[in-house]
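Residue-level structure breakdown
Residue strings, one per chain:
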Amino acid sequence: MSAKNKIFAFFLACLLATLTSSCTSGVKKTGKIPVQDFFRNPEQSGFQLSPTGEHISFLKPFKNRMNLFVLRMGANDTTRITGFDDRDIRFYIWANDSTILFGKDKKGDENFKLFSVRLDGTNLMQLSDDGPFTVQIIDELRDNPDEIIISNNARNNQVFDLFRLNISTGEKIMIAENPGNISDWIVDHNGKLRLAVSTDGVNTGILYRETEQDEFRLMTATNFKEMLYPVAFTFDNKYTYAVSNKNRDKAALVIYDVINDKELDVVFEHYEVDISSVILSKKKQKLAAVSFVTWKMEYEFFDEEKEDIYRSIKSKLPNKELEIRSFSRDESKVLVATQCDRCLGAYYYYSVADDLLVELGQIGPWLNDADLSPMKPISYRARDGLKIHGYLTFPKQK
């Protein structure tokens, strides 16, 4: 089920709860829920785990603008590290254990500039130049605490070129000039840019280069009827994990040899649905899990330790749909998001060593799950025998 459909289903449940808030036959009445409660901005959002897992960052309103806050785990100590009152912070990442990078525009022009700030709120610095262009973060280069890869459209406002940026000095070096049709870039596990995905709106191409000094070469192309999309390099940097539906009905995870345009192995495929995402264990240098959505998000694990972690968290949140968001560098801390058919969800921090689960914040705490209508998965056979899946929501208390 797509995110868009999940949102629709949630609001359908909310609408039915509102429309049926006054019930007869002596059943306890649920008070009318204000429509604006279904559309309010979250009190906290954008939770992220620091590389060590010792801190949790998030966005929260300050002077009616979304600003950065940092929670030190174990100390219940929260610090506001930015105080903008003109525009919201729109995106951010942890550059390293002591520095956060974020994007913010000025005067509503949506030309997002990149800033850095220390963990204690000091050393606020603008890293990108002013001008009628915007900056995007492509890769945080997890193993390189001094650099990240960004893109900007300063050369041509319709095209984003790629740069390696020093987060201390602001110095940047172009590592790829976009010819105009590149929609995605993929960095290998040594932090080198070696794959690109092109599109003309109908056909998709995969471009490859051996080193950053080489030119990109088109290796293969697919049309709109097929999908072959690289998501990450294998840990030996020779091949890629790719999502492919070539010669099959559902999108599967495969190991793909870009140079020879060949699928080497099918890692995982589901008989009913496409795969959704891939989780890699950089600590163990292996594939950890694949996610897919049937009537809810599910995982197929390839690492026993990660499966044990998931099961432990699930036992503490039995009625919630779990999404693993990130691990700390040593993979001993986990950031998890939850959702359900009658809630907007919440964020949790989990410590593996302590088997400790801590709620970080509810996305919509003003909505009471018990007042909203549950959503049930259903299926039926069409006339041609095809199994059709769907969801059914009944009015509350009917």
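What you see is a predicted model, and the numbers here were worked out from it, not measured in a lab.

Rules used throughout
- Residues numbered from 1 in each chain as written.
- Predicted model: local features only at pLDDT ≥ 70, side-chain atom pairs only at ≥ 80, totals over all residues.
- Heavy atoms only, no water.
- Disulfide = S-S within 2.5 Å.
- Buried < 20%, exposed > 50% of the residue type's maximum accessible area, 1.4 Å probe, protein only.
- 1 Å grid on protein atoms, 1.4 Å probe; cavity = no way out; pocket = protein on both sides within 12 Å on 5 of 7 lines; lining within 4 Å.
- Points joined across faces, edges and corners; volume = space filled by probe spheres on them.
- Helix = DSSP H or I, 4+ residues; strand = E, 2+ residues; numbered from the N terminus.
- Nonpolar A, V, L, I, M, F, W, Y, C, P; charged D, E, K, R; others polar.
- Pairing = 2+ DSSP bridges.
- Axes fitted to C-alpha atoms, helices over the stretch in contact; angles between N-to-C directions.
- Phe/Tyr/Trp six-rings, centres within 6.5 Å; stacked < 30°, edge-to-face > 60°.
- Lys NZ or Arg CZ within 6 Å of the ring centre and 35° of its normal.
- Polar contact = N/O pair within 3.5 Å; in protein donor to acceptor, adjacent residues only side chain to side chain.
- Salt bridge = Lys/Arg side-chain N within 4 Å of Asp/Glu carboxyl O.
- Contact = heavy atoms within 4.5 Å.

**Let's talk about the state of the cysteines**
Evaluated as defined, the whole model comprises one disulfide. Covalently, Cys340 is tied to Cys343 through a disulfide, its sulfur atoms 2.2 Å apart. Note on accessibility: Cys340 and Cys343 belong to one class, buried.

**Let's talk about the layout of surface pockets**
Put simply, the largest pocket is a space of about 1700 Å³. Glu140, Arg142, Lys282, Arg325 and Ser326 are, among the 49 residues lining the largest pocket, the residues nearest its centre. For the lining of the largest pocket, the elements supplying multiple residues, two or more each, are β1 (45-49), β5 (91-96), β9 (135-139), β13 (182-187), β17 (228-233), β21 (275-281) and β24 (321-327). At five residues, the largest contribution of residues to the lining of the largest pocket is made by β17. Among the residues making up the lining of the largest pocket, the classes are represented as 25 nonpolar, eleven polar and 13 charged.

**Remarks on the sheet that holds strand β3 (residues 65-72)**
Strand order in the open sheet made by the four strands is β1-β2-β3-β4, with antiparallel pairing throughout. At either margin of the open sheet sits one strand with a lone partner, and together these are β1 and β4 (77-80). Neighbour-to-neighbour, the strand axes of this sheet turn through a mean angle of 25°, independent of strand direction. With eight bridges connecting them, strand β2 (residues 55-62) and β3 associate as antiparallel partners. Of the residues in β3, the one forming a bridge with Ile56 is Leu71.

**Focus on the packing of aromatic side chains**
Throughout the structure, instances matching the rule amount to twelve aromatic pairs. Here the aromatic residues Phe47, Phe58, Phe69 and Tyr347 are joined through ring pairs into a cluster of three or more. The ring of Phe163 has Lys172 lying over it, and the distance from NZ or CZ to the ring centre is 5.7 Å. Positioned above the aromatic ring of Phe327, the side-chain terminus of Lys306 is 5.4 Å from the ring centre.

**Some details on the sheet that holds strand β19 (residues 252-257)**
Read across the sheet, four strands follow the order β17-β18-β19-β20 without closing on themselves; strand pairing throughout is antiparallel. Whereas interior strands pair on both sides, the edge strands pair on one side only; in this sheet they are β17 and β20 (262-268). Between one strand axis and the next, the sheet turns through 35° on average, direction left out of account.

**Quick look at the side chain of Ser373**
Checked against the element boundaries, Ser373 lands in the loop between β27 (356-362) and β28 (375-381). Judged by its relative accessible area of 0%, Ser373 is buried. Here the side chain of Ser373 touches Phe394 through a polar contact of 3.4 Å, landing on its backbone oxygen.

**Some points on the pattern of salt bridges**
According to the stated counting rule, one finds 23 salt bridges in the structure shown. One continuous salt-bridge network, built from bridges that share partners, spans Lys284, Lys286, Asp303, Glu305, Lys306 and Glu331.

**Brief notes about the side chain of Ser244**
Locating Ser244 in the fold gives a position in strand β18 (residues 240-244). Looking at Ser244, the relative accessible area reads 0%, which means it is buried. If sequence neighbours within four positions are ignored, Ser244 has contacts with Met227, Leu228, Lys250, Ala251, Ala252, Val254 and Glu263.

**Some points on empty space enclosed by the protein**
The full count for this structure, using the stated rule, is one cavity of 30 Å³ or more. One number sums up the size of the largest cavity: a volume of about 60 Å³. Lining the largest cavity are Leu114, Leu127, Ser128, Asp129, Phe133, Ile150, Asn152, Leu165, Gly170 and Lys172. Taken together, the residues that form the lining of the largest cavity break down as five nonpolar, three polar and two charged.

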